[in-house]
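# A closer look at the structure
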Amino acid sequence: MNEEWTPAPSQNLQGPSEADILECAESFEEISRNVNAILVGQENVVAQVLCCLVANGHVLLEGVPGLGKTLLVRALATSIECSTTRIQFTPDLMPSDVTGHAQYNMKEERFVIRKGPVFTNLLLADEINRAPAKTQSALLEVMQERQATIEGESFLVNRPYMVLATKNPIEFEGTYPLPEAQLDRFMLNVFIDFPDFEDEVTLVDQVTTGRPTDSLDTSAIQSVATSEIVEKAQRIASEVLIDEAVLRYVVSIVRTSREYEGITNGASPRAAIAIVRVARALALLSGRGFVTPDDVREVAIPAMRHRIALSPEYQIEGMSKDQILTSAIQSVEAPRT
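Presented here is an overview of the structure given in this document. Since we're looking at a predicted model, the values are computed, not measured. (Residues numbered from 1 in each chain as written. Predicted model: local features only at pLDDT ≥ 70, side-chain atom pairs only at ≥ 80, totals over all residues. Heavy atoms only, no water.)

## Details of the overall build of the protein
Quick note on the threshold: Strands are runs of DSSP state E lasting at least 2 residues, helices are runs of H or I lasting at least 4, and numbering of each runs from the N terminus. Three labels apply to residues, based on accessible area from a 1.4 Å probe with only protein chains included: buried if under 20% of the type maximum, exposed if over 50%, partly exposed otherwise in between. Only heavy atoms enter the contact rule, under which two residues are in contact if any of them lie within 4.5 Å. When charges are tallied, Lys and Arg are placed among the positive residues and Asp and Glu among the negative ones, while His and the ends of the chain are skipped. Where a charge lies is defined by one atom per residue type: Lys uses NZ, Arg uses CZ, Asp uses CG and Glu uses CD.
Along the backbone of the protein there are 14 helices and eleven strands. Taken along the three principal axes of its C-alpha coordinates, the protein extends 70 × 50 × 50 Å. By residue count, 51% of the 337 residues in the protein fall in the buried class. Intrachain contacts of the protein at a sequence separation of at least 6 include 79% that bridge at least 24 residues. The protein carries 29 positive and 47 negative side-chain charges, and their two centres are separated by 6 Å.

## Notes on the environment of proline 160
With respect to the helices, strands and loops of the structure, proline 160 is situated in the loop between strand 7 (153-156) and strand 8 (162-167). Under the relative-accessibility criterion, proline 160 is labelled buried at 3%. C-alpha separation for the pair proline 160 and glutamate 228, spaced 68 residues apart in sequence, amounts to 8.5 Å. Contacts of proline 160, omitting those with residues within four sequence positions, involve Cys82, Asn121, Ser227, Val230, Glu231 and Gln234.

## Re the pairing of strand 4 (residues 110-115)
For the record, the criterion: At least two bridges found by DSSP between two strands is the condition for calling them paired.
Here strand 3 (residues 100-105) runs beside strand 4; their pairing, made up of six bridges, is antiparallel. Bridging across to strand 4, tyrosine 104 finds its partner in phenylalanine 111. Between strand 3 and strand 4, which pair antiparallel in sequence order, lie four residues; one of them, glutamate 109, sits at a positive phi of approximately 55 degrees.

## Side note on the pattern of salt bridges
Heads up, the condition is: Put simply, a salt bridge is a Lys or Arg side-chain nitrogen that is within 4 Å of an Asp or Glu carboxyl oxygen.
Applying the stated criterion to the full structure yields twelve salt bridges. Put simply, aspartate 295 and arginine 288 hold a salt bridge, and the shortest N to O gap is 2.8 Å. The exposure class assigned to aspartate 295 is buried, which follows from its relative accessible area of 3%. A salt bridge links aspartate 322 to arginine 305, with the nearest nitrogen and oxygen atoms 2.7 Å apart. Of the two residues, aspartate 322 is situated in helix 14 (residues 321-330) and arginine 305 in the loop between helix 12 (293-304) and strand 11 (309-310); the sequence distance between them amounts to 17 residues. What makes aspartate 322 partly exposed here is its relative accessible area of 23%. The exposure class assigned to arginine 305 is buried, which follows from its relative accessible area of 9%.

## Considering the sheet that holds strand 8
Note: strands within a sheet are paired through backbone hydrogen bonds, in either parallel or antiparallel orientation. What counts is decided by this rule: Lines fitted to C-alpha atoms define the axes, with helix axes restricted to the stretch in contact, and inter-axis angles between N-to-C directions lie between 0 and 180 degrees.
Taken together, the five strands give an open sheet; going across it, the order is 2-5-8-1-9, and neighbouring strands pair in parallel fashion. Of all strands in the sheet, those with a lone pairing partner are strand 2 (84-88) and strand 9 (188-191), marking the two edges. Pairs of neighbouring strands in the sheet enclose a mean axial angle of 20 degrees, with direction left out of account. As judged from the four bridges shared by strand 1 (residues 59-62) and strand 9, these two strands associate in the parallel manner. From the neighbouring strand, leucine 60 faces strand 9, where its bridge partner is asparagine 189. The strands touched by helix 3 (residues 69-79) within the sheet are strand 1, strand 2, strand 5 (122-126) and strand 8, with strand 5 carrying the most contacts at an inclination of about 175 degrees.

Structure (structure tokens):
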């Protein structure tokens, strides 16, 4: 562990001010408490999603149905006073159902643009792997360029903007594998697992006590921040200092994945970029103006697990990507002060 890590004295860059760091850290701590009050037992998931939001990226959520993925998006959107929409991906979903289309207005005798559900702040793309590649690709432009093209005209989406796509990891019938180009657009691949016993007891009690439906009531969630603080945090995070030794550590981890035993396709430079951006966000939300090697280790696996492929023999042996990546990361010597 590198608890006492500090940037090298020779670093000449000017990081964010202590006041800005404190403001962002306190605001997102309040957002985290607000969301965790509703999404019981998923503190790690909430923390990773918030880091990705501050890093201005997108999240691929993997988990079986019923673990609160929709609730997470709704609670987060309410907490930061942002709009949210949901797309249920199906095999017959068309690209125009995602981005929008031109519709003829009989009264005005002209075509008008009807914007699709991508024009929001937080977009929940539910079961994204149930739609064919043509429809999946409709998200590529908006995820990368923060704009969507309708009938040859480009329209900017709202800011802040984040796509949270869900994928069922155990059901493959009627699904379409996500192409590598689509997977690479997601900054993090976050696993949402079952809550532990006590958290599940609390969850069942909340849902069944005094409510005639089987869903949690989110109307009690109060806004605790604004979209402006999110945009400010995104800007401040980009100013968080990262020592050259830590930067080299990130690149070494990514390069190791390309030659490590058991990995057939290693991570690209985009993985290193994602690790640095999310590590900066984690440092900021932890109340620091610099990145430590511990920050890098904490975010490396969710930033890389969807960007690598295991060799067939390791898959047959039941080895997981997380196990291999953990071993690969441990093989790289971390920098010391």
